[in-house]
Amino acid sequence: MNGRWLVNILMLILLLAGVIYAFTFVNKEPEKKIGHAISDLKLSDFNEITINFPDRAKTSFKLSANGWLMTAPYEARADELYVYRILSLIATTSSEKLSADDLAKYGLDQPKLKITFTGVKHKEEFLFGTYNPITENQYLFYGGNVFIVNGGFSETSSFEPLELINKTPIASDEKIIGYDFSRLEQWQGVGLKLSLEGGKWKALGSDILVSGADMDEWFNLTWNAIAAKSVEFYKLDPRAGHKSFDVVLHGNKKITFYRIQESPELLLLRKDENLLYHFPGDLGFTMLNPNVIAKEEK
């Protein structure tokens, strides 16, 4: 009996200790993080970005009515995720704010990278120096002060320009309302053309059966904001005789794609951009073969 009471007392002590600890933890005031704002600028203040490395051509972006565009060294739709990563530099904080009396000490007398943000009222320049050997963060000079920032800003900016091009074959402001696959070998016999009307898929012609659910699944797995593995600029040789198809957009605008290669990966050339999109072979096959059924001949 005495042993059982001893166990109960020990359990009660442990329970009370746990309650006291939990109460203390919950009511403990959060530690205030000490940080120095790099700037008081806003992302919306800027519509142009220029990235300069000493040993290569500059990369530039400009905000248009339809999103960010790359203007140099190529003209193309920009990968906006990368652009906003770079733009977020103006809103970041630094753990330290150092004197700028000796820029050479931080490698800022000969910057490894310069990023310039331009807007209607602002033109702001950020210089990047050497990396801190302990934290691997990087020294940054802006507004007469030296800061320490995450090295990811410089790493993102150092990507090759091709990597900063948008890899979706259809832009976010381009609304698909149909396809013309009739020039592809597998669909020439039935002249496959598809139209999206009132949220429902229809096949133009009388030899194709369409299931709305199957077509929605196909569209969402393929053309609905799908991104290629990579892109490159490509000059079409008209003598090669590559098969093509059209994607129809709202307003009856047509985008023509040329199938440059089907296996082991699908290579699609968007003619108006001169961009070649690389897709995995299995995904590529599905992109060109929607879930439709040819009617059986009687």
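Owing to the predicted nature of the structure, the values given are computational and were not obtained by experimental measurement.

Scoring rules and cut-offs
- Residues numbered from 1 in each chain as written.
- Predicted model: local features only at pLDDT ≥ 70, side-chain atom pairs only at ≥ 80, totals over all residues.
- Heavy atoms only, no water.
- Helix = DSSP H or I, 4+ residues; strand = E, 2+ residues; numbered from the N terminus.
- Buried < 20%, exposed > 50% of the residue type's maximum accessible area, 1.4 Å probe, protein only.
- Areas by Shrake-Rupley, 256 points an atom, 1.4 Å probe, with all protein chains shown as cover.
- Pairing = 2+ DSSP bridges.
- Axes fitted to C-alpha atoms, helices over the stretch in contact; angles between N-to-C directions.
- pLDDT = per-residue confidence, 0-100.

Colleague: Please give an account of the overall build of the protein that cites residues and values.
Modeller: Counting secondary structure elements, the protein contains six helices and 21 strands. Counting the 298 residues in the protein, one finds 39% classified as buried. Split by element, the accessible area of the protein, about 18000 Å² in all, is 54% carbon and sulfur.

Colleague: Mind laying out the sheet that holds strand β19 (residues 265-270), listing which residues take part and the relevant values?
Modeller: Read across the open sheet, the eight strands follow the order β14-β13-β12-β17-β18-β19-β20-β16; overall the sheet is antiparallel. Since the sheet does not close on itself, it has two edges, and those belong to β14 (200-203) and β16 (230-233), each with one partner. Taken over all neighbouring pairs, the strand axes of this sheet differ in orientation by 25 degrees on average, direction set aside. Strand direction decides the pairing type here: strand β18 (residues 253-261) and β19, joined by four bridges, are antiparallel.

Colleague: An account of the confidence of the model for the protein is requested, with residue identities and associated values reported.
Modeller: Looking at the protein, pLDDT values average 87 and 87% of them are 70 or higher. When the elements of the protein are averaged for pLDDT, helix α1 (residues 2-26) gives the smallest value, 54, and β19 the largest, 98.

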